[in-house]
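# Results of the structural survey
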Amino acid sequence: MALDIATVRRIARLARIRVPEEELPVMAEELSRIMDWIEQLNAVDTSNVAPMTSVADMRPHQREDAVTDGGVPEKVLANATDRVGNFFTVPKVVE
Amino acid sequence: MAYSIQGKTGAWEVVIGLEVHAQVVSKSKLFSGAATEFGAEPNTQVSLVDAAMPGMLPVINARCVEQAVRTGLGLNAKINLTSTFERKNYFYPDLPFGYQISQYLHPVVGEGVMTLDMPDGTTRDVGIERLHLEQDAGKSLHDQDPNRTFIDLNRAGVALMEIVSKPDLRSPEEAGAYVRKMRTILRYLDTCDGNMEQGSLRCDVNVSVRKAGEGLRTRCEIKNVNSVRFVMQAIEIEAERQVELYESGGSVIQETRLYDPDRGETRPMRSKEEAHDYRYFPDPDLLPLALDQAYVDRLRAALPELPDAKKARFRVLYGLSPADATQLTAERELAAYFETVAEGRDAKIAANWTLQELTAMLNKRGLTITESPVSAQQLGALIGLISDNTISGRIAKDVFEEMVETGGDPVKIVDAKGLRQITDTGAIEAAVDKVIAENPAQAEQYRSGDQKVTGWFVGQIMKATGGKANPKMVNELLKKKLGG
Amino acid sequence: MSDALTHLTIAEARDGLAAKKFSAVELAHAHIAAMEAMRDLNAFVTETPEIALERAGQSDARHGAGSAASAMDGIPVAVKDLFCTEGVQTTASSHMLEGFVPTYESTVTANLRKAGAVMLGKTNMDEFAMGSANITSYFGPVKNPWRLNDGKDRVPGGSSGGSAAAVAARMAICATGSDTGGSIRQPAAFCGLVGLKPTYGRCSRWGMVAFASSLDQAGPMTRSVRDAAIMLQSMAGFDPKDSTVVNEPLPNFEAAMAGSIKGLKVGIPIEYRIDGMSSEIEKLWQTGIDWLKDAGAEPVEVTLPHTKDALATYYIVAPAEASSNLARYDGVRYGLRVSADDLTDMYEQTRAAGFGREVRRRILIGTYVLSAGYYDAYYVKAQKVRALIAQEFAEAFKKADVLLTPTAPFPAFAIGEKMDDPVQMYINDVFTVPASLAGLPAMSVPAGLSADGLPLGLHLIGKPFDEATLLRVGQAVEQAANFTALPQLLGKA
Ligand SMILES: [Mg+2]
Ligand SMILES: [Zn+2]
């Protein structure tokens, strides 16, 4: 099995997705099945290939340095579940 | 004498590397059109992009790229014509996308070198590892509410340059000189305002210690130190902590620490305890950043005269000492002020007045050079009056004080107060004669070989002439009359 | 009358509106009625009849003044619920975004609106576009209007399954879709429609909920090739808000369709003859080759040796990008939030509750392939194979003007089938994913029915930014196939 339970626990934590302890084995099995299938790529010889960095062969457009946005706190905060004044809030963070 | 820490087991060398986060001077953010000004109402300088709304995409600000390249050129560094933006993935409430767009494997600026000006006038070269562009995070306010942390995204997405030094620094003094010089260069280039209190310039300090001849030992990173003084203190305290640890049989673990100036200690940062795995990968929303050599050359040609070049020119052109030249070139505005003062005048007097009376007055009043109540032209005129013997250096100090108070022109002040120096031999002779006649005992003392009373006589004569007598002439006449 | 109005193509409706045979409001009413009548298909997450009627009224005013904005003026359009629409809930079919009302309009829908199109509502889809059967939607599966007499509902394909079902069932004349690995083309094939994924960089992604940034492209889903050209014209174009959109003038796609395909070289990639492909799909492919030969084109064999590796490559790259793109759904600024006293708890519970199973699975895969120690082995490796695949296409296009393949290895399957094994489900995209990885334009054209009466599509892949040739060849396939069948739900044609 490509992914053991400890690995799934670790990546679930990294991804901030709660996976209950009892579901870890099933998830590990599912993900392993996918990863085992993906392993076929190991057979491809890529020794002289540079990884693809961009699909479009072009130079990105650059913005001029001007203030063209912002000043719309109501638009920014419109969908916030919990706001106080013009602040977003989260449960208290201890630094 | 190299800096070292004396432990029970002998001397320890300190190895320091600095990461400076410098906020780029630009009107709008790195990837959005929201404003960057400091101190706005919460979430008013936030675009939908900065708030990471679904479907929002970054578009790079051309000015920020230009500023990074100009800074790279100012640090004598290699400009990489192709660089890439990568995502640094981690969750934090003031990081709306769940990743910071930064540069990782391919920064826009590569290796460079910066020359430190040490307080004793010597210089020392320090390697620059790289400079890259990245986004700033928003602000978390932890003290507004008992149960909640408040989030303001005004800073989120503001462009930062992260400038990383090589671990070339060996003492708190060098680290201090490094930060000061970095600030000077950034301000000359106008790529960062260097305001450490507002957080426009922040330092992460990497510290390790070792015995002479050893390779590098484990380092600790002290995050977000916000003044030169604290940088120097934090290094000293952290180095001592590490020495003590090693000498008591312990070992240093690589971690992120916080400097607490009130308690004079560094301690591990709780929020950074969890081991991070940032999962960097090239940002698919942004194509690689490609620059032309012609563009870089154009920026290079348009760079202002930088501190090192200015310092060298000041030394040759004005015959200044390394220490004076360093001080006068620390701020572009001060250097410009000095040059106006010195134009067509005695440069050494101009340097002394600029670095002493003027600087002391500004410090006392908490003013910057651009806020000086005395203009460079006025100070220049005052020095002109000293040089052509219109007033003495001592009278000049009174005139200067008057100029500070009233903003007046020195010539007018001198005339209005009748401060012109007395250079009329007859008038001075009369005063000398009078004082000698009134003080026969002292005159006798002099004549019997005790020349110490000369100073006393000069003082009396100056007093009699309201300080206006030319001191050189007073001295000569006094010698003649007494010795006569 | 009303029934006839819902069977028009865009081109026909345009001509009818111009000739004042009917009004945009009448057209809107007819489609709103159809939308309401066929709610059982679950094609829409949000219906917006008021908006439709308001915009149709404005369109009529323009038509009356002789100043129609474009060929799309007054055309009822269904919008995939992946495009953010100002003031209208946009969910990406996720619990995470249930109730999210954007304060902005995506570039593609803004372009359509500027062109005068009339939005009917927001269509159901696979959650965050992750799926090939429209069964991962938080709002339930979409039913394909094509059905057999076995009592089982078929999937419409995915992820643009709601859009496909809406257009096939005549609830909308056309719809926007988005395609990351086949999400326009495969549902188009499953529902008997034309589905065009433009070249990566042709349509702006601004305001379109991201799945995998280097692959996502918006495109039209229509009932004719000409309609795809007309609709693409209004959707595409430079956008200073998306760094990956090309800044080049758009060709007139409809005009570029004119002319024969005589002498065109049609590449047939030999590696697309995969194991497990049904014989009727294989037969259809050969028929397609014959049609194009009859129309004067010249079939040539081309080789794309890494076709077999495309799916695995895709299932590294897309989840990797998605794991990062979906990190913004953290309960802080919008969307679902599960309350907790601790920040990490809030994050973890919000994301566990907000994302469905397939989305969670892909985020975890993506997190894994990017994580320390695995990045080079998986992500970098995949981007290398991706580069190889793109190079092979470039080579193939030295010999061919366009490539012809099947769109999907099998016709629409019943809801509930193929659901136990994600890898089996991923096989749906085997023919569509390679073009996505290379950023090439590709289109599915309805070409016939399976033995038991479900639509099958043929798939054309074009050179970068050569949608015009794709459309011209697509039209040749369309004419030869003469596909006139209607979904069983609507009765026999
Ligand atoms: Mg750092
Ligand atoms: Zn940084």
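See the structure printed just above.
Along every chain, residues carry numbers that run from 1 in the direction the sequence is written. Here the convention is simple: chains get letters from A, ligands get numbers from 1, in the order in which they are written. Whole-chain, interface and lining totals are the exception, using all residues; otherwise, since this is a predicted model, local features are given only for residues with pLDDT of at least 70 and side-chain atom pairs are given and counted only at 80 or more. As a convention, hydrogens and water are excluded, and side-chain values are obtained from all of the structure's heavy atoms.

## Quick look at the overall build of chain A
Comment: elements are numbered from the N terminus, with helices defined as DSSP H or I runs of at least four residues and strands as E runs of at least two. Counting its regular elements, chain A contains three helices and two strands. Ordering the α and β elements of chain A from the N terminus gives α-α-α-β-β. Computed over C-alpha atoms, the radius of gyration of chain A comes to 22 Å, more than 25% over the 12 Å expected from 2.2 N^0.38 for 95 residues, which places it beyond the range of a compact globule. Oriented by its inertia axes, the alpha-carbon framework of chain A measures out at about 55 × 45 × 25 Å. When each of the 95 residues of chain A is scored for burial, the buried share is 44%. By definition in these notes, contact holds between two residues if any of their heavy atoms fall within 4.5 Å. Taking as baseline every contact in chain A between residues at least 6 positions apart, the subset at least 24 positions apart corresponds to 31%. A 1.4 Å probe and the Shrake-Rupley method give the accessible areas. Residues count as covered only by the protein chains that appear here. Taken as a whole, chain A presents about 4900 Å² of accessible surface, with 51% of it coming from carbon and sulfur. Values of the radius of gyration come from C-alpha atoms, whereas the globule rule sets the reference at 2.2 Å times the count of residues to the power 0.38. Exposure classes here rest on a 1.4 Å probe applied to the protein chains alone. A residue is buried below 20% of its type maximum, exposed above 50%, and partly exposed in between.

## Quick word on unusual backbone geometry
Negative phi is the rule for most residues except glycine; trans is the rule for most peptide bonds. Across the junction of Gly158 of chain C and Ser159 of chain C, the peptide omega takes the value 10°, indicating a cis bond. Among the secondary structure elements, Ser159 of chain C is positioned in the loop between strand 3 (118-123) and helix 6 (161-168). Even without being glycine, Ala52 of chain B reaches a positive phi, approximately 55°. Looking at where Ala52 of chain B falls in the secondary structure, it is placed in the loop between strand 2 (10-23) and helix 1 (62-74). For Asn134 of chain C, which is not glycine, the phi dihedral falls at a positive 55°. Note that Asn134 of chain C resides in the loop between strand 3 and helix 6.

## Quick look at the coordination of the magnesium ion (ligand 1)
Residue and element names in this part refer to chain B. Donor atoms (N, O, S) are those found within 2.8 Å of the metal centre, with the cutoff raised to 3.2 Å for Na, K and Ca; water is not part of the atom list, so apparent gaps in a site can occur. For the magnesium ion (ligand 1), every protein donor is listed as Glu19 (OE), Asp204 (OD) and Glu221 (OE), and the spread of their distances is 2.0 to 2.6 Å. In this structure, the magnesium ion (ligand 1) is positioned 5.1 Å from the zinc ion (ligand 2). Taken as a pair, Glu19 in strand 2 and Asp204 in strand 11 (residues 201-210) lie far apart in primary sequence, 185 residues in all. Across the pair, Asp204 and Glu19 agree in class, each one buried.

## Some remarks on the interface of chain A and chain B
For an interface, size is often stated in terms of accessible area lost upon the parts coming together. Taken together, the contacts link 39 residues of chain A with 50 residues of chain B. Here chain A and chain B share an interface that buries about 3900 Å² over both sides, 58% of which is from carbon and sulfur atoms. Buried area counts how much accessible surface, traced with a 1.4 Å probe, disappears from two parts once they are put together, with both parts' losses summed. Summed over the three residues of chain A that lose the most area to chain B, namely Arg63, Asp65 and Phe87 of chain A, the buried surface amounts to 19% of that side. For this analysis, a salt bridge means a side-chain nitrogen from Lys or Arg found within 4 Å of a carboxyl oxygen belonging to Asp or Glu. Summed over the shared surface of chain A and chain B, the number is three salt bridges. Pairs of N or O atoms are called polar contacts if they sit within 3.5 Å, as long as, within protein, a hydrogen donor faces a hydrogen acceptor (for residues adjacent in sequence, only side-chain-to-side-chain pairs). One can count 23 residue pairs in polar contact (both at pLDDT 80 or more) joining chain A with chain B. Of all the secondary structure elements, the ones that give two or more residues to the side of chain A that touches chain B are helix 1 (5-14), helix 3 (73-77) and strand 2 (87-91) of chain A. A pair of strands is treated as paired once DSSP finds two or more bridges between them. Pairing between strand 2 of chain A and strand 9 (residues 148-152) of chain B: four bridges, direction antiparallel.

## Considerations on the pairing of strand 8 (residues 298-302) of chain C
Across a regular strand the side chains alternate sides, sitting on one face of the sheet and then on the other. All names here are of chain C. Relative to strand 8, strand 7 (residues 265-269) runs parallel, the two sharing five bridges. Within strand 8, the position partnered with Lys265 by the bridge is Glu298. Seen with its strands pointing away from the viewer, a crossover is right-handed if its path from the first strand over the helix to the second goes clockwise. At this point the chain moves from strand 7, through helix 10 (residues 279-294), to the parallel strand 8, and the crossover so formed is right-handed.

## Let's talk about the pattern of salt bridges
Note that side chains of opposite charge can pair when their charged atoms are close. For the coordinates displayed, the defined rule picks out 71 salt bridges over all chains. In this structure, Glu21 of chain A and Arg9 of chain A form a salt bridge, with 2.6 Å as the shortest nitrogen-oxygen distance. Here Arg9 of chain A lies in helix 1 and Glu21 of chain A lies in the loop between helix 1 and helix 2 (24-38), a separation of twelve residues in the sequence. Taking the relative accessible area as the measure of exposure, Arg9 of chain A reaches 41% and is therefore partly exposed. The closest approach of N and O atoms between Glu13 of chain B and Arg170 of chain B, which form a salt bridge, is 3.6 Å. Taken together, the residues Glu13 of chain B in strand 2 and Arg170 of chain B in the loop between strand 10 (159-165) and helix 2 (172-189) connect sequence positions 157 residues apart. The partly exposed category is assigned to Arg170 of chain B, whose relative accessible area is 22%.

## A short note on the side chain of Thr244 of chain C
Tracing the sequence through the fold places Thr244 of chain C in the loop between helix 8 (225-235) and helix 9 (253-256). Here the side chain of Thr244 of chain C touches Arg205 of chain C through a polar contact of 3.1 Å, side chain to side chain. Among the polar contacts listed, one links the side chain of Thr244 of chain C to the side chain of Asp242 of chain C, at a separation of 2.7 Å. The residues touching Thr244 of chain C, leaving out its near neighbours within four places in the chain, are Ala56 and Met58 of chain A, Pro284, Asp285 and Leu287 of chain B together with Tyr200, Gly201 and Arg205 of chain C.

## As for a negative patch on the surface
Residues and elements named next belong to chain B. Put simply, a patch holds well-exposed residues, over 30% relative accessible area, that have no salt bridge, with like charges counted together within 9 Å and Val, Leu, Ile, Met, Phe, Trp or Tyr side chains within 5 Å. The convention is simple: Lys and Arg are positive, Asp and Glu are negative, and His and the chain ends are not counted. The atom standing in for a charge is NZ when the residue is Lys, CZ when it is Arg, CG when it is Asp and CD when it is Glu. Together, Glu173, Glu236, Glu240 and Glu244 line one region of the surface with negative charge. For the negative patch, the element with the highest residue contribution is helix 3 (residues 228-247), accounting for three residues. One can find Glu240 in helix 3.

## A few points about the packing of helix 3 (residues 24-37) of chain C against helix 4 (residues 49-64) of chain C
Residue and element names in this part refer to chain C. Where helix 3 contacts helix 4, the two axes come as close as 7 Å, and the packing angle between them is 160°. Comparing their axes, helix 4 and helix 3 come out roughly antiparallel. Considering the relative orientation of helix 3 and helix 4, their crossing is right-handed. Judged by residue contacts, Ala24, Val25, Ala28, His29 and Ile32 of helix 3 engage Pro49, Ala52, Leu53, Ala56, Gly57, Ser59 and Asp60 from helix 4. When residue character is reported, Ala, Val, Leu, Ile, Met, Phe, Trp, Tyr, Cys and Pro are called nonpolar, Asp, Glu, Lys and Arg charged, and the others, Gly included, polar. Tallied by class, residues from the contact of helix 3 with helix 4 come to eight nonpolar, three polar and one charged. Convention adopted: a line fitted to C-alpha atoms gives each axis, helices being fitted over their contacting stretch, and angles between N-to-C directions are expressed from 0 to 180 degrees. Relative orientations are named as follows: roughly parallel for angles under 35 degrees, roughly antiparallel for angles over 145 degrees, roughly perpendicular for angles from 65 to 115 degrees, and oblique for any other angle. Helix crossings get a hand from a simple test, with the near helix turned counterclockwise from the far one by less than a right angle marking a left-handed crossing and a clockwise turn marking a right-handed one.

## A look at the sheet that holds strand 5 (residues 194-197) of chain C
Residues and elements named next belong to chain C. Across the sheet, which stays open at both edges, the eleven strands sit in the order 1-3-2-4-6-5-10-11-9-7-8 with mixed pairing between neighbours. Unpaired on one side and paired on the other, strand 1 (44-47) and strand 8 mark the two borders of the sheet. In this sheet, adjacent strand axes meet at a mean angle of 30° when their direction is disregarded. As paired elements, strand 9 (residues 402-406) and strand 11 (residues 455-462) share five bridges and run antiparallel to each other. The residue bridging Leu403 from the neighbouring strand is Ile461, located in strand 11. Running over the sheet, helix 14 (residues 376-399) touches strand 7, strand 8, strand 9 and strand 11 and is turned about 150° from strand 8.

## Things to note about the state of the cysteines
Residues and elements named next belong to chain C. Pairs of cysteine sulfur atoms within 2.5 Å are identified as disulfides in what follows. According to the stated counting rule, one finds zero disulfides over all chains in the structure shown. Cys191 carries a free sulfur, and the closest cysteine sulfur to it, the one in Cys174, is 15 Å from it. Taking the relative accessible area as the measure of exposure, Cys191 reaches 1% and is therefore buried. Here Cys203 is not cross-linked by a disulfide; its sulfur's nearest cysteine counterpart is in Cys174, at 13 Å.

## Notes on the interface of chain A and chain C
Contacts between the two partners involve 50 residues from chain A, matched on the other side by 70 residues from chain C. Together, the buried faces of chain A and chain C total about 5200 Å²; carbon and sulfur atoms form 67% of this surface. When the area that chain A buries against chain C is broken down by residue, the three leading residues are Arg18, Trp37 and Met52 of chain A, summing to 14%. Here chain A is connected to chain C by five salt bridges. Here Arg13 of chain A makes a salt bridge to Glu348 of chain C, at a shortest N to O gap of 3.4 Å. Seen at the junction of chain A and chain C, the total is 14 residue pairs in polar contact (both at pLDDT 80 or more). Secondary structure elements with two or more residues in the side of chain A that touches chain C: helix 1, helix 2 and strand 2 of chain A.

## Focus: the coordination of the zinc ion (ligand 2)
All names here are of chain B. In this structure, His21 (NE2), Glu134 (OE) and Glu162 (OE) serve as the protein donors to the zinc ion (ligand 2), at separations of 1.9 to 2.1 Å. Mapping the donors of the zinc ion (ligand 2) onto the primary sequence yields the spacing H-x112-E-x27-E. Using a relative accessible area of 11% as the deciding quantity, one classes His21 as buried. Of the residues examined, Glu134 reaches a relative accessible area of 4% and is grouped as buried.

## Points about the nonpolar core
Counting 324 residues, the largest nonpolar core has Tyr178 of chain B together with Met72 and Phe128 of chain C as its most contacted members. Those domain boundaries reflect an automatic or database domain assignment. Counting contributing residues, this core receives three or more from each of domain 1 (5-298) and domain 2 (305-417) of chain B. Ignoring anything within four residues of it in the chain, the contact list for Tyr178 of chain B reads Leu18, Val20, Met114, Leu116, Val126, Ile128, Ile163, Val164, Ser165 and Leu169 of chain B. Definition of nonpolar core: a set of buried residues of the types Ala, Val, Leu, Ile, Met, Phe, Trp, Tyr and Cys, connected through side-chain atoms within 4.5 Å. Ranked by size, the runner-up nonpolar core spans 18 residues in total, among them Ile428, Ala443, Val458 and Val474 of chain B.

## Description of the pairing of strand 7 (residues 123-135) of chain B
All names here are of chain B. With six bridges connecting them, strand 6 (residues 112-117) and strand 7 associate as antiparallel partners. Along strand 7, the bridge assignment pairs Leu116 with Arg124. Once strand 6 ends, the chain turns through five residues before running back antiparallel as strand 7, passing Gly121 with a positive phi of about 95°. As paired elements, strand 7 and strand 10 share seven bridges and run antiparallel to each other. Paired with Gln135 across the bridge in strand 10 is Ala159.

Read these as layout, nothing more, since geometry by itself doesn't imply function.
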